[in-house]
Amino acid sequence: MLGPSFLPARAGSVAHVPSATLLRALATVSILASLSCDSAPTELANTLQPDLAKGGPAKNVMSIAGGDGQTAAAGTELPNPLVVRVESEVGQPVSGVTIDWTVKAGGGSLSTAQSVTNVQGEASTRLTLGPTAGLNDVSARSRRLREVRLTATATESGGGGDPGGGGDPGGGGSGDSYTVTVTPTSASIEVDETVALSADVVNQNGDAVDTATVDWSSLNVSVASVAASGLVTGRAEGTARIVASFADGADTADVTVSEAPGGGGGGGGGGTSGGGRAFPGAEGWGATALEACRAKPLQVLRVTNTNSDGSGSFAQAVSDVRSDRFSIIVFETGGHIVAPSSTGIRVSASCVYIAGQTAPGDGIVIEGRPTAFWLRGGGDDITDVVMRYLRFRGKSGLTQNNMIIAKGQRVVLDHMSFSWTDNYPLAILRYGGTSFSGRIADLSIQHTIVSEAFATHATGLTISTNADLKSAASIDMTNLSIHRNLLAGNSHRNPMTAADNALVANNVIYNWRFGAGMMNRRGSVDWVNNFAKPGPMTGDVHTYVVNPYCDALGGDFSIYAAGNVGPRSSDPNGDNWSGSTRQVSCYRGSGDYDGQEVPPSWRRSSEQPWRGIATAVALRTAQQAYDAVVADVGANERLTCDGRWTGALDPADSRVISETRNGSGPSSPPSDEGAVGGYPSYSRGTGCTDQDGDGLPDAWEQRFYDCSTCADAAAPGRDGYLLMEHYLNGTDPR
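Note that the coordinates shown come from a computational prediction; the quantities given were computed from them, not determined experimentally. Each chain carries its own residue numbering, running from 1 in the direction its sequence is written. In keeping with the predicted nature of the model, local features appear solely for residues at pLDDT of at least 70, side-chain atom pairs appear and are counted solely at 80 or more, and the whole-chain, interface and lining totals rest on all residues. Side-chain numbers here rest on the full set of heavy atoms in the structure, without hydrogens or water.

## A short note on the overall build of the protein chain
What counts, and what does not: In this description a helix means any DSSP run of H or I spanning at least four residues, a strand means any run of E spanning at least two, and both kinds are numbered starting from the N terminus. Exposure categories follow from relative accessible area, calculated using a 1.4 Å probe and restricted to protein chains: below 20% of the type maximum is buried, above 50% is exposed, and the middle band is partly exposed. Working rule for contacts: check all heavy atoms of both residues, and any pair within 4.5 Å makes them a contact. Each accessible area value is a Shrake-Rupley result obtained with a 1.4 Å probe; residue values ignore everything except the protein chains displayed when judging cover.
When its secondary structure is counted, the protein chain shows 7 helices and 47 strands. The burial tally for the protein chain puts 55% of its 734 residues in the buried class. When contacts within the protein chain are restricted to residue pairs at least 6 apart in sequence, those whose partners lie at least 24 apart make up 68%. As displayed, the protein chain offers around 27100 Å² of accessible surface, 48% of which is attributable to carbon and sulfur atoms.

Here's what the structure looks like:
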């Protein structure tokens, strides 16, 4: 049957096969029909037959065939070539494939930057190491194939210094030679799981160098990241090489990352599921967002300018969202957007993914006058909302609030940045008897920065209700996960919670003034493994991690607290309730209760059931959480047109993260944005070319399908995500 389908059509959609693709497929069938089995060249048969049998392009695989892991003196050529092999999915060598070689680190040079696979499917180049000792990293790439990375170590030549004791053993004397050994040498984890690697360093005499500070790096950060402690976190399916280096020594470990069992929908099968998560790395109560949306027709909405409203604006794109569609908003421009002054920008429909990571240039920043963004409005519930890689920054005297969530179920905020408001940088509010009375449930806020609210009301993340709901039968605000965020430079509410079945875990709280974490009105909250680090604003009085109101603003709280560390105690195993390791105290504004232990009836000895859900937060220790958060938080990345992640941290977030690391920063809340460096400028950049207008850039389609317009954004790819989602996730759809 003739019907070459490079991409399976989604149920309910019309398969789109461009005329050029159809002609190419017809030509392929004609060629095969005209060749007898005896006359068909081997290479042609190996290349074309899998296409015909499977109804799509053959899935070739590139792997390392030789030359990886060599060591030689700096500035010299390695004794053996670097070799990669390309094979078909049935293990046959594939010739004629062009391999592009690139030096990624170390400053070395290559004998050739491009080579072609031979009849054994192999291509090679030679590497001359860089002029200084250290790791050399080389990339091998080819269209439609996964990148391969090969490494080599350049060592110092020549002596100098006393090998027994000359120089600082913590930094490596210039004449010394060191050997690094990583344990284990390989590991397998699932997405969002962690594995701890360790590195031993010995000198040329075989003596252990216990004071050595090893540098850790990942050669594929999109698959796995590594903290300064050697803790590796799985990010997406694939294999990442982790490198530990010290002076002239280096060693590696390969970490293979897979989806959790049951998490894959299988590429191309009916009934997409996205692995049960809104995107790889989504965790907590809100992480199942969008699962039901994938069965709806896909609608891609484009932001083409930075106007406050009107055609092509962000406000217009949000207003065009329809609950009977799966709406994805992409940005064809970066820059500074001022929200409409009368209403702000309001999401009032379901099934929407706002993809800030698609913005070119310096990304998007949104300013409110007085409020920038709402989840609120309409008679129906708002469900399945995902927002990623957006910045909300206000201006003193103009911006009251960056974002207010007053209604929403299955909501995820991921890698967002909020700062500089006169009132709320970010708030989740449910007020009985008011228009803020919608149901709020199953919400995740992760990898997000909330920082530097202005002195007029210097609050961080506020999750609150009013007195009308204090004694109500149900608060109707439940199942919240607040994890791996950075709350920095806010006086108090870092965060403040009033919700049932809430988890506040693995956050970094830095440089508060009156209160780190807080609770008001009512709620049941687990405070687990948070890292509170004092700064110039903190002082030595208000040093508890969790601070519920114990006066009239308080209520019948249910609190679980464990594993938190802060200025009072760095012991993660300490008793959070009493003694020198106590981390829970009545809030300073509680009058006579200020600083006292909370009532025993508020203390809970067991966790709420957040560990039992399929998308549970992968809990780290407080110290591990600190390392992970300062390494990956805020709107710190964007996508290139071919779907690769690249850095996009703006000066404001970069400064806040640096201050958190260094223990520096303001000694009081800023009066305006000028007090903390001023409003950055954001270039608009150039949007990606998308000839067929389906939302998938031509460069992405070329990278994965060797075409510019043949991929269907609405078709399911690997793991149950739509191809459009694979682009947004920065993952391989095949």
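## Here's the deal with the sheet that holds strand β27 (residues 383-388)
Here is the rule: When DSSP locates at least two bridges between a pair of strands, those strands are taken to pair. Axis definition: a line fitted to C-alpha atoms, over the contacting stretch in the case of helices. Angles run 0 to 180 degrees between N-to-C directions.
Taken together, the 10 strands give an open sheet; going across it, the order is β20-β21-β24-β27-β30-β33-β36-β39-β42-β45, and neighbouring strands pair in parallel fashion. Lying at the two open borders of the sheet, with one neighbouring strand each, are β20 (298-303) and β45 (558-562). Ignoring which end each strand starts from, the neighbouring axes of this sheet average 10° apart.

## Remarks on the sheet that holds strand β2 (residues 70-73)
Here 5 strands make up an open sheet; going across it, the order is β2-β10-β9-β4-β6 and the pairing mixed. Each edge of the open sheet carries a strand with a single partner, namely β2 and β6 (114-116). If you compare each strand with its neighbour and ignore which way they point, the axes differ by 30° on average. One ladder, built from 4 bridges, connects β2 with strand β10 (residues 148-155); its direction is parallel. When the bridges of β10 are listed, Ala73 appears paired with Thr155.

## Quick look at the environment of Thr538
Cut-off, in case you're wondering: Any pair of N or O atoms that falls within 3.5 Å is considered a polar contact. Within protein, one atom must be able to donate a hydrogen and the other to accept it, and sequence-neighbouring residues count only if both atoms are side-chain atoms.
When you line up the elements, Thr538 lands in the loop between β43 (531-533) and β44 (546-548). Given the relative accessible area of 4%, Thr538 is considered buried. Expressed as a C-alpha distance, the spacing of Thr538 and Tyr510, which sit 28 residues apart in the sequence, is 8.6 Å. Thr538 has contacts with Asn511, Trp512 and Arg513, leaving out every residue within four places of it along the chain. Here the side chain of Thr538 touches Trp512 through a polar contact of 3.0 Å, landing on its backbone oxygen.

## Details of the packing of aromatic side chains
Stated precisely, the cut-off is as follows: In summary, the pairing rule links any two rings of Phe, Tyr or Trp, Trp by its six-membered ring, whose centres are within 6.5 Å, and it sorts them by plane angle into stacked for under 30 degrees, edge-to-face for over 60 and tilted for everything else. Criterion for a charge above a ring: Arg CZ or Lys NZ at most 6 Å from the ring centre, at most 35 degrees from the ring normal.
One pass over the full model with this rule turns up 13 aromatic pairs. Measuring from centroid to centroid gives 6.2 Å for Phe314 and Phe373, while their planes differ by 15°, and the two rings are stacked. A residue pair is termed long-range when its members are at least 10 positions apart, and Phe314 in helix α3 (residues 314-319) and Phe373 in strand β26 (residues 371-375) qualify at 59 residues. Residue classification places Phe373 among the buried positions, given a relative accessible area of 0%. Grouped by ring-pair contacts, the aromatic residues Phe314, Phe331, Phe373, Phe392 and Phe418 constitute a single cluster. Looking at Arg388, its charged tip hangs above the ring of Phe279, at a distance of 3.7 Å from the centre. The ring of Trp420 is capped by Arg393, whose NZ or CZ atom sits 5.6 Å from the centre of that ring.

## Considerations on the nonpolar core
Convention followed: To qualify as a nonpolar core, a set must consist of buried Ala, Val, Leu, Ile, Met, Phe, Trp, Tyr and Cys residues joined through side-chain atoms within 4.5 Å.
Of all hydrophobic cores here, the largest spans 66 residues; its most connected members are Phe314, Ile329, Ile354, Phe373, Met387, Phe392 and Met403. If sequence neighbours within four positions are ignored, Ile354 has contacts with Phe314, Ile329, Phe331, Val347, Phe373, Val386, Met387, Arg388 and Leu390. With 33 residues, the next largest nonpolar core counts Ala287, Cys351, Val412 and Leu722 among its residues.

## Brief notes about the packing of helix α4 (residues 622-631) against helix α5 (residues 651-662)
Under the convention used in this document: Put simply, angles under 35 degrees are roughly parallel, angles over 145 are roughly antiparallel, angles from 65 to 115 are roughly perpendicular, and the rest are oblique. Working rule for handedness: look at the near helix, and if it is turned counterclockwise from the far one by less than a right angle, call the crossing left-handed; if clockwise, right-handed. Under the convention adopted here, Pro, Cys and the residues Ala, Val, Leu, Ile, Met, Phe, Trp and Tyr are nonpolar, Asp, Glu, Lys and Arg are charged, and Gly plus all remaining residues are polar.
Where α4 contacts α5, the two axes come as close as 10 Å, and the packing angle between them is 150°. Classified by the angle between their axes, α4 and α5 sit roughly antiparallel to one another. Note on packing geometry: the crossing formed by α4 with α5 is left-handed. From α4, Tyr626, Val630 and Ala631 reach across to α5, where they touch Ile657, Thr660 and Arg661. A breakdown of the residues in the contact of α4 with α5 according to their chemical character gives 4 nonpolar, 1 polar and 1 charged.

## Overview of α4
Here α4 lies mainly inside the structure; 7 of its 10 residues are buried. For α4, every residue scored as buried is listed here: Ala622, Ala625, Tyr626, Asp627, Ala628, Val629 and Val630. Where α4 is buried, its residues meet β37 (486-488), β40 (508-510), β43 and α5.

## Points about helix α6 (residues 698-705)
What counts here: Throughout, the arc means that of the directions going from the helix axis to the C-beta atoms.
Every buried residue of α6 is accounted for by Asp698, Trp700, Glu701, Phe704 and Tyr705. Down the axis of α6, the sector holding all buried residues measures 160°, keeping them to one side. Where α6 terminates, the next one or two residues include Asp706, which has phi positive at roughly 55°.

## Some words on the pattern of salt bridges
Stated precisely, the cut-off is as follows: In what follows, salt bridge is the name for a side-chain nitrogen of Lys or Arg lying within 4 Å of a carboxyl oxygen of Asp or Glu.
Within the structure shown, the criterion is met by 25 salt bridges. Through salt bridges with shared partners, a single ionic network connects Arg391, Arg393, Asp650 and Asp653.

## Here we look at the state of the cysteines
Convention followed: By disulfide we mean two sulfur atoms from cysteines, separated by a distance within 2.5 Å.
Enumeration over the complete set of coordinates arrives at 4 disulfides. Through a disulfide, Cys550 is tied to Cys586; the S-S separation comes to 2.1 Å. On the S-S bond that ties Cys550 to Cys586, the torsion sits near -90°, and the link is left-handed. In this pair, Cys550 sits in the loop between β44 and β45 while Cys586 sits in the loop between β45 and α4, placing the two residues 36 residues apart along the sequence. Each sulfur of the disulfide joining Cys641 and Cys688 lies 2.1 Å from the other. Measuring handedness by torsion sign, the sulfur bridge of Cys641 and Cys688 sits at about -90° and is left-handed. You can see Cys641 sitting in the loop between β46 (637-639) and β47 (645-647) and its partner Cys688 sitting in the loop between α5 and α6, a full 47 residues away along the chain. Judged by relative accessible area, Cys688 falls into the partly exposed class, the value being 22%.

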